[in-house]
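Listed here are the chains, written in short residue letters.
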Amino acid sequence: MIPLTKNDKVSLKYQHSPLADVHTQLGILEHGRTGDFALVPFQQKLEESGLYPLKPTGVQIFQVNVGKMCNQACRHCHVDAGPDRKEIMTKETMQECLNALKNNPELKSVDLTGGAPEMNPDFRWFVAEIKKLDRHVIVRCNLTIILANKKYYDLPQFYKQHSIEVVSSLPFYTQDRTDRQRGDGVFEDSIKALQMLNEVGYGKEGTGLILNLVYNPAGAFLSPAQTSLEKEYKKALMERYGIVFNNLFTITNLPISRFLDYLLQSGNYEKYMERLVNAYNPVAAQNVMCRNTISISWDGYLYDCDFNQMLDLKVNNASKHISAFNTATLNERSIVVNQHCYGCTAGAGSSCGGVVA
Ligand code: SF4
Ligand code: SF4
């Protein structure tokens, strides 16, 4: 039996939780906590859908995780990020990413994530250099970072100056549900940050400045329909706080890292996994984001997605590092899948851009 985490204010790694070890996580995903829980292998489901081995449709999105440091320590975080995490991408590795972008114009979109990507001291330099290569840049901004220190107060202007698409988590449009998942005071600061983004034009019609929000469930359940929830968010945020935004992405929590810890602690693990498996949707499986995305870790290794990155499941390719990036061989690889992948194929599916089916 795995001892569970007691303190959820810091990372699993800091607490020396057994779940900080990816082998422990993978063991639970395959056999359950007590070793006697097994579900249909995800590979088998893909095979039944004619999708195994899962192949890329062509890498277009270059997702870079610039570090695990974060000003927050959310309960559901799949990165196990937090203020105690020190792993960040160096300028040298960023330069290798820039070289890969320069040599591969088909990588049209660069998606910057973390942790809080803005906490990397070379973040602004990196963004400016990517923009010189004329790529679309998405930043996954947790909102509260904008108010965390005065050196971040001008982030909305910085994003605007570089025409960055901002994607921000707001688990719900009420304080209690947001703070429960992300920490005390997060909702209030998130609202202020959204107002600051609106002030410079983000989310407003005609500005071209895109502000998308992300919803993820607070517990062991799937997201409601994206379109109706978006309407609900838009109405509530406008009426209560005068906030506008473009799209809402609903994202399923994958059973890894701190969300896995939550599932185990709350006794919901088996029920949640069964729910994901029962909701398997072959159309969503066809459109999973790993088919057109490559994910780069803070130390330059290549993964099929940010979730595989957190489970240290590197790409099944001769070159596994950004220093020898080769889209031709990457496009031929078989994507590494495992039981956590059920999170991407349940219901309408889930990706960094919301539903996929
Ligand atoms: S803001 Fe994002 S990266 Fe930071 S702890 Fe929360 S979920 Fe993790
Ligand atoms: S978890 Fe990653 S590898 Fe698995 S289906 Fe989702 S995006 Fe693909």
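Described in the following lines is the structure provided in the data block. (Residues numbered from 1 in each chain as written. Chains lettered and ligands numbered in written order. Predicted model: local features only at pLDDT ≥ 70, side-chain atom pairs only at ≥ 80, totals over all residues. Heavy atoms only, no water.)

In the structure shown here, the tally under the stated rule is 14 aromatic pairs. Ring centres of Y173 and Y233 lie 5.4 Å apart, and the angle between their planes is 90 degrees; on these two criteria the pair is classed as edge-to-face. Linking Y173 in the loop between β4 (165-169) and α7 (175-182) with Y233 in helix α9 (residues 226-241), this pair joins segments that are 60 residues apart in sequence. Y233 shares its class with Y173; the two are buried. Taken together, F172, Y173, Y215 and Y233 form an aromatic cluster joined through their ring pairs. If you follow R177 out to its NZ or CZ, it ends over the ring of F172, 3.7 Å from the centre. It is K234 that lies over the ring of F245; its NZ or CZ is 5.3 Å from the centre. (Phe/Tyr/Trp six-rings, centres within 6.5 Å; stacked < 30°, edge-to-face > 60°. Helix = DSSP H or I, 4+ residues; strand = E, 2+ residues; numbered from the N terminus. Buried < 20%, exposed > 50% of the residue type's maximum accessible area, 1.4 Å probe, protein only. Lys NZ or Arg CZ within 6 Å of the ring centre and 35° of its normal.)

Surveying the vicinity of ligand 2 reveals the residues L254, V288, M289, C290, C305, F307, N308, I335, V336, H340, C341 and C344. Taken atom by atom, the bulk of ligand 2 overlaps the second largest cavity. In terms of residue class, the shell around ligand 2 is built from 10 nonpolar, two polar and no charged. (Near = heavy atom within 4 Å. 1 Å grid on protein atoms, 1.4 Å probe; cavity = no way out; pocket = protein on both sides within 12 Å on 5 of 7 lines; lining within 4 Å. Sits in = over half its atoms within 2 Å of the grid points. Nonpolar A, V, L, I, M, F, W, Y, C, P; charged D, E, K, R; others polar.)

This paragraph deals with the site of ligand 1. Taken together, C70, Q72, A73, C74, H76, C77, A81, G115, N142, R182 and R258 make up the full set of residues near ligand 1. The site holding ligand 1 turns out to be the largest cavity. When its residues are assigned to classes, the shell around ligand 1 shows five nonpolar, four polar and two charged.

That's the geometry; what it means functionally is another story.
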